[in-house]
Amino acid sequence: MEVAEEWPEPIVRVQTLADAEAVPERYIKPPSERPNLNPGTALAPSETGSLPVVDLAGLSGGAAERRATMLAVSGACRDWGFFQVVNHGVSTELMEGMREVWREFFRLPMAEKQAYANSPKTFEGYGSRLGVKKGAILDWGDYFFLQLSPHSIRNYDKWPVLPASLRAMTEAYGEELEKLCGVIKKVLSASLGLDEGFLHRAFGEAGACLRVNYYPKCPQPDLTLGLSPHSDPGGMTVLLTDHHVKGLQVREGDDWITVEPIPGALIVNIGDQIQVLTNATYKSVEHRVVVNAATERLSVAFFFNPNDDLPIQPAAELVTPGEPPLYKRLTFKEYKLLMRMLGPAGKSHVGLVKSN
């Protein structure tokens, strides 16, 4: 399968459309895919809810506190595929610094940002679309994508030099998030009744990347989406969200629940590879982003993934005669290539379908 080298059409930065009177046709979703919004807002009150909250301080307590933490994680991963973590060890100052420095980047003159324009070959850099299908309906958002680890794959030519503190801030944040994901890997493994090192071995030399999502204000938010429904293809995602502007929605059955973020918390969601490894015990759940007419919104998604070349398949300990393996054995590299070439149909190809 060949990977596209260039975008099929000229790129338009969504940020340049924020003051338009109407949403251009390229961004208007079919009626069945549009969000159900109150006029002039980004959500309907009946759709607002709180994800399960896990206090990681419980891991340092006694046996009862540790068991309660494990049960909370297990329940969240089985029922939601998402949870919010508090007392996670990442400082408030670092989190706020990341939000602010990347807001400053997106406020730079367009010429400064364009110097980092990306292509579909690697997606690294400044982007405004993810798919490569010509004529596709686009999402209302720009982004910046960076590879973080292993360090050997970092391309510092794609790391902005402005604002001056951006590189150091992003590196420090990446290091702290990798530590946190190491803790979460152990918790997820133990909460399945497996030894703590299960996911560490399954992931091998893990990879990490980061996407800063910038959703400009939108003149008609009821007609479009900041990010279309999807589940994350990798291992797990840790999201630093905007505490003042809601936008993330998680599928629950036939409904979309707008997440109520907790100040100081990080949002964790299970990716497709952990769903495969756990034989669907833990769910990789669809989510999307809605936009609003009043203000911009920024979030930082940290993706923690298995090694590209290790085969991923259901754990033998979680396969029984009554619960046979649900997924084909694939490396993460093979899985990503299927997703890029086939889109949502790729998940059906490997037996991985949306879990509600």
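Just so it is clear, the model here is predicted, and its values are computed rather than measured. (Residues numbered from 1 in each chain as written. Predicted model: local features only at pLDDT ≥ 70, side-chain atom pairs only at ≥ 80, totals over all residues. Heavy atoms only, no water.)

Caption draft 1: Geometry of the packing of helix 2 (residues 92–106) against helix 4 (residues 166–191). One can describe the packing of helix 2 onto helix 4 by two numbers: an axis separation of 10 Å at closest approach and a directional angle of 140°. In terms of axis orientation, helix 2 runs oblique to helix 4. Helix-helix and strand crossings are classified by hand; for helix 2 and helix 4 the assignment is left-handed. Here helix 2 contributes Leu94, Gly97, Met98, Val101, Trp102 and Phe105 to the contact with helix 4, which in turn contributes Leu166, Met169, Thr170, Ala172, Tyr173 and Glu176. Broken down by class, the residue content of the contact of helix 2 with helix 4 amounts to 9 nonpolar, 2 polar and 1 charged. (Axes fitted to C-alpha atoms, helices over the stretch in contact; angles between N-to-C directions. Helix = DSSP H or I, 4+ residues; strand = E, 2+ residues; numbered from the N terminus. Parallel < 35°, antiparallel > 145°, perpendicular 65-115°, else oblique. Left-handed = near helix turned anticlockwise from the far one by under 90°. Contact = heavy atoms within 4.5 Å. Nonpolar A, V, L, I, M, F, W, Y, C, P; charged D, E, K, R; others polar.)

Caption draft 2: A look at helix 1 (residues 63–79). The terminal C-alpha atoms of helix 1 lie 24 Å apart, and with 17 residues this matches the ideal 24 Å at 1.5 Å per residue to within 8%. Looking at helix 1, one finds that the buried residues are Thr69, Met70, Val73, Ser74, Ala76 and Cys77. All buried residues of helix 1 project into a common sector of 165° when viewed along the axis, lining one side. Facing away from the buried surface of helix 1 by more than 90 degrees, the exposed residues are Ala64, Arg67, Leu71 and Asp79. In the core, the buried residues of helix 1 are packed alongside strand 2 (53–55), strand 3 (82–86), helix 4 and strand 11 (266–270). Gly81 lies just past helix 1 and shows a positive phi near 80°. (Expected span 1.5 Å × (residues − 1). Buried < 20%, exposed > 50% of the residue type's maximum accessible area, 1.4 Å probe, protein only. Arc of directions from axis to C-beta.)

Caption draft 3: Focus on unusual backbone geometry. Cis geometry marks the peptide bond from Ser149 to Pro150, where omega comes out at 0°. Going from Leu162 to Pro163, the amide bond is cis rather than trans, its omega being -5°. Assignment of secondary structure puts Pro163 in the loop between strand 5 (142–149) and helix 4. Although it is not a glycine, Asn87 sits at a positive phi angle of roughly 50°. Within the secondary structure layout, Asn87 lies in the loop between strand 3 and helix 2.

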